[in-house]
Amino acid sequence: MENKEWLKLKEAAAIAGVSRDTIRRWADAGRIKSKRTEGEHRLIHFDSLKKYSHQKNSTKKKYALIYARVFETEQKKELEAQIERLENYCAVKGWNYKVMSHISSGIPYDTKNLNKLLNLILSGSISKLILNYKDSLFLFGSEIIFELCKINNIEVVILSDGNSSLYEQEMKKVIKHI
């Protein structure tokens, strides 16, 4: 995002990880600064949104995020098994957790889920990122997410060493397409 002082409602909602209606309520209650354009569209002040979101998130209870992915719909049972294993691990540890899962190849990046994950990391909502395998996130580039977690004091827990057999299958498919 370019450095902007005022944001459109949709941009503000995406940054804060909330709905447009929530942004409207915050503005109407005076929690964040807003103004109207000549066309009566609402604009949100970036710094006030950032400050309020940070204050609000610092009082939220953080949770562990379970992240599971497979690359084909035929692997739905594998996805369910991954989630079950990760849920059991979190339950044994006594951690409060939420699950994020999807079916997608690691290339190209699934923007919707990537944006959701980035918002959770940057908003301070999660305390831990729990994965079965290092390659559960993406085929390439997981290190970027791991570094963002480190910067934001989010522990990354990877249950299995090495790559999954899914990684090998995925790589074979990528190579065939090249």
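Starting afresh in each chain, residues are numbered from 1 along the sequence in its written order. A pLDDT threshold of at least 70 governs which residues receive local features in this predicted model, and a stricter bar of 80 or more applies before side-chain atom pairs are shown or counted, although totals over entire chains, interfaces and linings include all residues. With hydrogens and water excluded, all non-hydrogen atoms of the structure serve as input to the side-chain values.

Caption draft 1: Region of the structure containing the overall build of the protein chain. To qualify as a helix, a DSSP run of H or I must reach at least 4 residues; to qualify as a strand, a run of E must reach at least 2; elements of each kind are numbered from the N terminus. Scanning the protein chain from N- to C-terminus turns up seven helices and seven strands. Seen in sequence order, the protein chain has helices and strands lined up from the N terminus as β-α-α-β-β-α-β-α-β-α-β-α-β-α. Partly exposed describes any residue whose relative accessible area lies between the buried limit of under 20% and the exposed limit of over 50%, with all areas from a 1.4 Å probe on protein chains only and scaled to the type maximum. Each of the 178 residues in the protein chain was classed as buried or not, and the buried ones make up 39%. Throughout, a contact is declared for two residues whenever any of their heavy atoms are within 4.5 Å. Of the contacts made within the protein chain by residues no fewer than 6 positions apart, 69% connect residues no fewer than 24 positions apart. Carbon and sulfur atoms form 50% of the exposed surface of the protein chain, whose accessible area is close to 11000 Å². The protein chains shown are the only cover counted for residues, whose accessible areas, like all others here, come from Shrake-Rupley with a 1.4 Å probe.

Caption draft 2: Highlighting the packing of aromatic side chains. Ring pairs are drawn from Phe, Tyr and Trp, using the six-membered ring of Trp, whenever the two centres fall within 6.5 Å, and their geometry is named by plane angle: stacked under 30 degrees, edge-to-face over 60, tilted for the rest. Applying the stated rule across the entire model yields two aromatic pairs. When the ring of tryptophan 26 is compared with that of tyrosine 52, the centres are 4.8 Å apart and the planes differ by 70 degrees; the resulting orientation is edge-to-face. With a gap of 26 residues between them, tryptophan 26 in helix 2 (residues 20-28) and tyrosine 52 in helix 3 (residues 46-59) connect regions that are remote in the sequence. By relative accessible area, tryptophan 26 is classed as buried at 5%. Among the residues examined, tyrosine 52 registers a relative accessible area of 16% and is labelled buried. Aromatic side chains tyrosine 89 and tryptophan 95 sit 5.7 Å apart centroid to centroid with 70 degrees between the ring planes, which places their arrangement in the edge-to-face category.

Caption draft 3: Highlighting the sheet that holds strand 2 (residues 34-36). Strand pairing is assigned whenever DSSP detects at least two bridges linking the two strands. Strand order across the open sheet formed by three strands is 1-3-2, with antiparallel pairing between neighbours. With partners counted over all chains shown, the strands left at the sheet margins are strand 1 (6-8) and strand 2, one partner each. In this sheet, adjacent strand axes meet at a mean angle of 35 degrees when their direction is disregarded. Across the sheet, helix 1 (residues 9-16) lies against strand 1 and strand 3 (42-45), angled at about 95 degrees from strand 1, the strand it touches most. Axis angles are defined between N-to-C directions and span 0 to 180 degrees, where every axis is a line fitted to C-alpha atoms and, for a helix, only to the segment in contact. On the sheet, helix 2 packs against strand 2 and strand 3 and is oriented at approximately 75 degrees with respect to strand 3.

Caption draft 4: Region of the structure containing the sheet that holds strand 4 (residues 63-70). Strands sit in the order 5-4-6-7 across an open sheet of four strands; the sheet is parallel. Each of the sheet's edge strands pairs with one partner strand only, and the pair in question is strand 5 (97-103) and strand 7 (155-158). This sheet shows a mean twist of 20 degrees between the axes of neighbouring strands, independent of strand direction. In terms of strand pairing, strand 4 meets strand 5 through seven bridges, oriented parallel.

Caption draft 5: Here's a closer look at helix 4 (residues 76-93). Taking 1.5 Å of rise per residue, 18 residues should cover 26 Å, and helix 4 covers 26 Å from first to last C-alpha, within 8% of that figure. Within the sequence span of helix 4, burial applies to Leu79, Gln82, Ile83, Leu86 and Cys90. The arc that holds the buried residues of helix 4, viewed along the axis, is 95 degrees, so those residues lie on one side. Every exposed residue of helix 4 that faces more than 90 degrees away from the buried side is listed here: Lys77, Ala91 and Val92. Looking one or two residues beyond helix 4, the residue adopting positive phi is glycine 94, at roughly 75 degrees. What a helix is expected to span follows from its residue count: subtract one and scale by 1.5 Å. Comment: arc refers to directions from the helix axis out to C-beta atoms.

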